[in-house]
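Working through the structure, step by step
Read off the chains here:
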Amino acid sequence: MRQVSRGLLWMGLAMMTIGSATAGTIDLAWNPVPDADKAGYKVYYGTATRSYSSNRDVGNATSTSLTGLTACTRYYIAVKAYDTGGLESTSYSNEVVGLPRPVVSTVTPTSAEQGASVTLTIDGESFDTGATVAISGTGITIQAVRRNSCSQLAVDVKIDIAAATGARDVTVTNPDLSYGVKPAGFTVAANVAPTVTSTDPASGATNVPVNKLPTVTFSEAMGATTITATNVRLLDVNNVAVAQAAGSPSLSTDKRIATITPAAPLKNSATYRIQVVGGASGVKDSLGKTMTNTFDQSPGFTCTAGTDTTAPTVSSATPADGATNVPVTTKPTVTFSEAMDPASINANTVRLLDANGTPVAQAAGSPVLSTNGLTATLTPAANFADNVSFKVQVIGGASGAKDKAGNALAATWSQPTGFKTENLPPGAVGNNRRTDVQ
């Protein structure tokens, strides 16, 4: 009986597509042992080098797939041959070491436009330290890959403006060249012109408070420098532009909502319409694509000096509910449906809660209400802890946040899930020493 020689075993890690993470797999192959009465091979494996807790008889095959392995667990694998008398090789083959092959389950977001820069979150399993990412086709540059955990990667990508549109395969490859593929896991979308998707007040609205701050919502993130009082404005019945306050219009954090702040309250019983200028000198999206046509609200909306009795609501918060890998330096924001009373926006009414529901200390002067009264920005007293969940909360009721007319938020609003901060590496180890000394 001949011993299996060192260097014979190699890992054939050509991956099959895996739709769900059910069991880890490692594919193996080795050179045959020339022996007249050789009967087969046994694959030995375990989670420590040269300490094999399991083995599988694969018969006379010179390749196999080890299945049912635990994801994100490093395995040590070697092979012995055996003859018809049951005698095994006197020593093991060389040892293969690695995680089960990667599994790519989801890619978020699933698409982005030509010309965009975006951070993809890849969830799955068995992503080893040093894993790389590739996206099929041309026109996409992988700028950075960060391993948040064995089951999640964050990938910064830049899409060329001329990149072909359509679905792309996403591949994660570990340093040992094992890989997993998500077919059509990401799509390059056409760089389309932005459009106006809605306005507030809506077309034809009546009894609009004279202190209303009109808003325009766009189909995508807009270029901040093109959102000006010339391009986003209110027109009166004589088509004269209404004067706007300094800094108006303002753009929301996600760059999709423009808020118009008139320099003075609107007139009672007067009708206004929102206009957004398109064409070469008009508004553009964040990638420089021009809105094709000018948007004219028709019909407009009519104001009234009547008392505002509508309770404000929370329109959105950032980071969004369910967001992950949020930088620890983030300053969360809350956007309201109407201008708020600055006196009611304080650390007791607009706050952050940790995973235990305890309010997070805020810096002096936080939260800060924007000039238009719509957005409150929270500044924690210190950076967030890493790899921890937090929630944005706004207190409602009599002692809670109120609009400028004194209407309180009807009920306390909280993010259902909250957001989770990035997982930072631990700090350097200091004063490492032996203790078994005199």
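Fair warning: this is a prediction, and the values are worked out from it, not measured in the lab.

What counts and what doesn't
Residues numbered from 1 in each chain as written. Predicted model: local features only at pLDDT ≥ 70, side-chain atom pairs only at ≥ 80, totals over all residues. Heavy atoms only, no water. Helix = DSSP H or I, 4+ residues; strand = E, 2+ residues; numbered from the N terminus. Rg over C-alpha atoms; globule rule 2.2 N^0.38 Å. Buried < 20%, exposed > 50% of the residue type's maximum accessible area, 1.4 Å probe, protein only. Contact = heavy atoms within 4.5 Å. Areas by Shrake-Rupley, 256 points an atom, 1.4 Å probe, with all protein chains shown as cover. Pairing = 2+ DSSP bridges. Salt bridge = Lys/Arg side-chain N within 4 Å of Asp/Glu carboxyl O. Phe/Tyr/Trp six-rings, centres within 6.5 Å; stacked < 30°, edge-to-face > 60°. Lys NZ or Arg CZ within 6 Å of the ring centre and 35° of its normal. Axes fitted to C-alpha atoms, helices over the stretch in contact; angles between N-to-C directions. Disulfide = S-S within 2.5 Å. pLDDT = per-residue confidence, 0-100. Polar contact = N/O pair within 3.5 Å; in protein donor to acceptor, adjacent residues only side chain to side chain.

Looking only at helices and strands, the chain has zero helices and 32 strands in total. What you see for the chain is a C-alpha radius of gyration of 30 Å, clearly larger than the 22 Å of a compact globule of 438 residues, by over 25%. Within the chain, buried positions represent 44% of all 438 residues. Of the contacts made within the chain by residues no fewer than 6 positions apart, 65% connect residues no fewer than 24 positions apart. For the chain, the exposed surface amounts to about 20,600 Å²; the carbon and sulfur share of it is 51%.

This paragraph deals with the sheet that holds strand β18 (residues 215-218). One open sheet holds the four strands; their spatial order is β16-β18-β21-β20, and the pairing between them is antiparallel. Here the strands that pair on one side only, and so sit at the sheet edges, are β16 (196-200) and β20 (250-251). Two elements, β16 and β18, share four bridges in a ladder whose sense is antiparallel. Across the sheet, the residue bridging to Asp200 is Thr215, located in β18.

Time to look at the pattern of salt bridges. Counting across every chain of the model gives six salt bridges. Of the charged contacts, one joins Glu88 and Lys42 as a salt bridge, the two residues approaching to 3.2 Å between their closest N and O atoms. Remark: Lys42 occurs in strand β3 (residues 38-46) and Glu88 occurs in the loop between β6 (75-83) and β7 (96-98); sequence separation between them is 46 residues. A relative accessible area of 25% means that Glu88 is categorised as partly exposed. For Lys42, a relative accessible area of 23% translates into the label partly exposed.

Attention now goes to the packing of aromatic side chains. By the definition in use, this model includes eight aromatic pairs. Here Tyr44 and Tyr92 contribute two aromatic rings whose centre-to-centre distance is 5.3 Å and whose plane-to-plane angle is 75°, an arrangement assigned as edge-to-face. On the criterion of sequence distance, the pair formed by Tyr44 in strand β3 and Tyr92 in the loop between β6 and β7 is long-range, its members being 48 residues apart. By relative accessible area, which is 24% here, Tyr92 ends up partly exposed. Measuring from ring centre to ring centre gives 4.6 Å for Phe384 and Phe390, while their planes differ by 45°; the resulting arrangement is tilted. This pair shows no difference in class: Phe384 is buried, exactly as Phe390 is. Through pairs of rings, three or more aromatic residues link up here, namely Tyr44, Tyr52 and Tyr92. Just above the ring of Tyr82 sits the side chain of Lys42; from NZ or CZ to the centre is 6.0 Å. Sitting over the face of the ring of Tyr92, Lys80 holds its NZ or CZ atom 4.2 Å from the ring centroid.

Okay, the sheet that holds strand β11 (residues 132-135) next. Overall, mixed pairing links the four strands, which are arranged β9-β15-β14-β11 in an open sheet. Each edge of the open sheet carries a strand with a single partner, namely β9 (111-113) and β11. Recorded for the sheet is a direction-independent mean angle of 30° between the axes of neighbouring strands. Relative to strand β15 (residues 179-189), β9 runs parallel, the two sharing three bridges. Considered in β15, the bridge of Glu113 is made with Ala189.

A few words now on the state of the cysteines. Disulfide: a covalent bond formed between the sulfur atoms of two cysteine residues. Applying the stated rule across the entire model yields one disulfide. Across the disulfide from Cys72 sits Cys150; the S-S distance is 2.2 Å. In this structure the cystine formed by Cys72 and Cys150 twists about its S-S bond by roughly -105°; its chirality is therefore left-handed. Of the two residues, Cys72 is situated in the loop between β5 (63-69) and β6 and Cys150 in the loop between β12 (140-149) and β13 (152-159); the sequence distance between them amounts to 78 residues. Residue class for Cys150 comes out buried when judged on its relative accessible area of 14%.

This next bit is on the confidence of the model for the chain. On average, residues of the chain score 89 in pLDDT, and 92% of them are at 70 or above. Here residues 1-22 is modelled with pLDDT under 50, and outside its nearest four sequence neighbours on either side it reaches 70 contacts, counting other chains as well.

Let us look at the side chain of Asp35. By the secondary structure assignment, Asp35 is in the loop between β2 (24-30) and β3. Overall, Asp35 belongs to the buried group, its relative accessible area being 14%. Here Asp37 takes part through its backbone nitrogen, which lies 3.1 Å from a polar atom of the side chain of Asp35.

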